[in-house]
Amino acid sequence: MVANSMDELISLCKRRGFIYPSAHLYGGLQGLYDFGPLGVELKNNIKQSWWESMVHHQDNIYGLDSSILTHQHVLYQSGHEDTFSDPMVDCRSCKSRFRADHIDDVCPNCGSSDLTDPRPFHLMFKTEVGPVSDASSTAYLRPETAQGIFINFKNIVDSFSPKLPFGIAQMGKAFRNEITPRNFIFRVREFEQMEMEFFVDPSSDSKWFEYWVSERLSWWQDQGISKAHLKLEIAEETAHYAKATTDILYQFPHGFEELEGIANRTDFDLGSHSKNQKELNISAKVLNNNHSTAKLTIPNQDQKMIVPYVIEPSAGLERGFLALINEAYENEVLANNQTRIVLKLKPHLAPVKVAVIPLARNKPEIVSFTKKIAHQLRQEKFGRVEFENTGNIGKSYRKNDEIGTPCCVTIDFDTIGAADSNAQWHNTVTVRDRDTLQQERVHIEQLNEYLKKKYFHCY
Ligand code: ATP
């Protein structure tokens, strides 16, 4: 099940503290969002899952966190300074602005055909580094995390002596001054990328390209996205640096669009950032480099120094976030004909892992017992354990369904062995399952193991 519309997701995200429009006190800034207490948990969980699969569970992939502010030579050599622009058109009638390749010859807003000719719109955010403002102080907020990887290639080769094939992975902020940010967090101006550059011998590029397309497709399914909502699209036109690109498209509420791109970037990037390019037999068309201090080469099987090819899976965190909450969203009709909104996120992604709830907020013994159980569960370090003290159990369950908490643990009069309570249930709690709504009584001594086994077996 998915949401009926983007509006349902926007409303849930705002109401429950996942995502807020940035600077809303001052009217907002278009294409920028702030992630609230639950949004940041979900984001971190997606990132952690990506990092585990791309770095921790791999023998030959190294992690990196390079700087966001980027030297202008890097983005000159990568081609971004000259070519990273989109053609835009303005509608003279309603003053709307569009990417020329997103529209036909009429304004999608008002239907007028009185449009300007396409003009290049620069996508990079420029800034200055240091106290003196001149041409040499120009720097950029990186438009992709990939360039930070290429310029650290030699550092990692020198420190770790990897053999081909090997990869370098990085996740972090990227900035693009998009002409028309839209569709909630689908196209924004500040976002996070999860990118890995996999360096290979040029003779094996196609094999590794296919390998990473298939790996990435199954990773998204492991996160809970159904196969029916994903599709591969082989790009007819590739970027200037790429030999082949396959996009993984997801069926967002506004249609099938790119979630992740896998590109064969050939030897373009390492070739571009190398000195003595003429000696290197570079196959891609690169800009002359008079500034670099190193040759970005590595020995191949025959011990010949080569510039490797690179296969790049590049995913957007915000697009992943949107796809995952859409996929998990369900407006469910229950057996009693009532409805509930439930976010059926996989437990490893859920922002809150367990909500611990006292049945009565004004009973100090129940409240303090609940706090003790929260403390007991927190020792497991499986993520956020929330102590909920709203005093309204129905409301607490509804809220936790909406934010995707896999289970709620309720402490009642029987748990604490209150007068007239059922002695059989002394020191037991009720565990309520988000998806089946089934409730089970579990002894507090078995509670940690029970939850770990049922929900968090990966911890
Ligand atoms: P698009 O064609 O949608 O503009 P792109 O092909 O320019 O995307 P890439 O440069 O391949 O995107 O970036 C890799 C990934 O980064 C994309 O698959 C997407 O998930 C994410 N991404 C790119 N631009 C944005 C953006 N403005 N907002 C959110 N995510 C983005």
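All values derive from a computational prediction rather than experimental measurement.

Quick notes on the rules
Residues numbered from 1 in each chain as written. Predicted model: local features only at pLDDT ≥ 70, side-chain atom pairs only at ≥ 80, totals over all residues. Near = placed C-beta within 6 Å. Helix = DSSP H or I, 4+ residues; strand = E, 2+ residues; numbered from the N terminus. Nonpolar A, V, L, I, M, F, W, Y, C, P; charged D, E, K, R; others polar. Expected span 1.5 Å × (residues − 1). Buried ≥ 20, exposed ≤ 12 C-beta atoms within 10 Å, placed from the backbone. Arc of directions from axis to C-beta. Contact = placed C-beta atoms within 7 Å. Domains from an automatic or database assignment. Axes fitted to C-alpha atoms, helices over the stretch in contact; angles between N-to-C directions. Parallel < 35°, antiparallel > 145°, perpendicular 65-115°, else oblique. Core = buried A, V, L, I, M, F, W, Y, C linked by C-beta atoms within 7 Å. Pairing = 2+ DSSP bridges. Right-handed = clockwise from strand over helix to strand, strands pointing away.

Visitor: Any chance you could explain the site of the ligand here in plain terms?
Guide: Near the ligand you find 16 residues, and of these Phe 191, Gly 261, Ser 314, Gly 316 and Arg 319 are the closest. Contributing elements (two or more residues each) for the shell around the ligand: β11 (190–200), β14 (255–266), β17 (309–316) and α9 (317–328). Here the element with the most residues in the shell around the ligand is β14; it accounts for four residues. When grouped by side-chain class, the residues that make up the shell around the ligand number four nonpolar, four polar and eight charged.

Visitor: Honestly, helix α7 (residues 205–222) in this entry has me stumped. Any pointers?
Guide: Residues three or four positions apart in an α-helix share a direction because the helix packs 3.6 residues into each turn. For α7, spanning 18 residues, the distance from its first C-alpha to its last is 26 Å, which sits close to the expected 26 Å at 1.5 Å a residue. All of the buried residues in α7 are Asp 205, Phe 209, Arg 216 and Trp 220. Take α7 and look down its axis: the buried residues cluster within an arc of 40°, on one side only. Opposite the buried face of α7, by more than 90 degrees, sit the exposed residues Lys 207, Ser 214, Ser 218 and Asp 222. Among the structural elements, β11, β12 (230–234), β13 (244–252), β14 and β17 are those in contact with the buried residues of α7.

Visitor: How should I be thinking about the domain arrangement of the chain in this particular structure?
Guide: Here the domain parsing of the chain yields domain 1 (6–70 + 143–324) and domain 2 (352–454). Summarising the inter-unit geometry, the C-alpha centres of domain 1 and domain 2 are found 40 Å apart.

Visitor: Quick question: what am I supposed to make of the packing of helix α2 (residues 37–56) against α9 here?
Guide: In helix packing, the relevant descriptors are the interaxial angle and the interaxial distance, both defined with respect to the helix axes. Here α2 crosses α9 at 105°, and the two axes come no closer than 10 Å. Here α2 is positioned roughly perpendicular relative to α9, judged by the angle of their axes. In this structure, α2 uses Leu 42, Lys 43, Ile 46 and Lys 47 to contact α9, whose residues at the interface are Leu 317, Gly 320, Phe 321 and Leu 324. Residue composition of the contact of α2 with α9, grouped by class: five nonpolar, one polar and two charged.

Visitor: Even after reading the chapter, I still don't get the nonpolar core, so can you show me in this structure?
Guide: The tendency in soluble globular proteins is for nonpolar side chains to be buried side by side. Counting 87 residues, the largest nonpolar core has Leu 324 and Val 409 as the members making the most contacts within it. The leading source of residues in this core is α9, at seven residues. Counting contributing residues per domain, this core is built from domain 1 (6–70 + 143–324) and domain 2 (352–454), each supplying no fewer than three. The contact partners of Val 409, leaving out residues within four places of it in the chain, are Val 354, Val 356, Ile 357, Ile 373, Val 429 and Val 431.

Visitor: How do you make sense of the sheet that holds strand β20 (residues 354–358) when you look at a structure like this?
Guide: Where strands meet in a sheet, backbone hydrogen bonds hold them as pairs that are either parallel or antiparallel. Read across the sheet, five strands follow the order β21-β20-β22-β23-β24 without closing on themselves; strand pairing throughout is mixed. The sheet is open, and its two edges are formed by β21 (385–387) and β24 (439–443), each paired on a single side. Looking at each pair of strands side by side, their axes are set apart by 25° on average, direction ignored. Pairing between strand β23 (residues 428–433) and β24: five bridges, direction antiparallel. Opposite Thr 430, over in β24, you have Arg 441 as the bridge partner. Packed on one face of the sheet, helix α10 (residues 364–378) meets β20, β21, β22 (407–411) and β23 and runs near 165° to β20.

Visitor: Where do I start with the sheet that holds strand β5 (residues 85–90) in this structure?
Guide: The three strands are arranged β6-β5-β7 in an open sheet whose pairing can be described as antiparallel. This sheet does not close on itself; its edge strands, each paired only once, are β6 (97–99) and β7 (119–122). Sheet twist, expressed as the mean angle between neighbouring strand axes with direction ignored, is 50°. Across four bridges, β5 lies against β7 in antiparallel orientation. For Ser 85, the partnering residue across the bridge sits in β7 and is His 122.

Visitor: Looking at this model, I keep getting lost on unusual backbone geometry. Mind explaining?
Guide: What you tend to see is this: most non-glycine residues have negative phi, and most peptide bonds are trans. In this chain, Leu 164 is followed by Pro 165 through a cis amide linkage whose omega measures -5°. If you trace the backbone, Pro 165 turns up in the loop between α6 (153–160) and β10 (166–175). With phi around 65°, Gln 303 is a residue other than glycine that occupies positive phi space. Phi is positive for Lys 381, close to 55°, though the residue is something other than glycine. For Lys 381, a count of 8 C-beta atoms within 10 Å corresponds to the exposed category.

Visitor: When you look at the pairing of β20 in this model, what are you seeing that I'm missing?
Guide: Moving residue by residue along a regular strand, the side chains alternate between the two faces of the sheet. With five of five residues buried, β20 lies mostly within the body of the structure. Neither face of β20 is open: one carries Val 354, Val 356 and Pro 358, the other Ala 355 and Ile 357, and all of them are buried. By the bridge criterion, three bridges tie β20 to β21 in an arrangement that is parallel. Along β21, the bridge assignment pairs Val 354 with Val 385. Taken together, β20, α10 and β21 constitute a β-α-β crossover, and its handedness is right-handed. The pairing of β20 with β22 spans five bridges and is parallel. Across the sheet, Ile 357 pairs through a bridge with Thr 410, a residue of β22.

Visitor: In this structure, what is going on with the environment of Arg 16? I would like to understand it.
Guide: As for its placement among the helices and strands, Arg 16 is situated in the loop between α1 (6–15) and β1 (19–21). Arg 16 sits in the partly exposed class, given 19 other C-beta atoms within 10 Å. When the C-alpha atoms of Arg 16 and Leu 38 are compared, they prove to be 7.7 Å apart, with 22 residues separating the residues in sequence. For Arg 16, the contacting residues outside a window of four places in its chain are Leu 38, Glu 402 and Ile 403.

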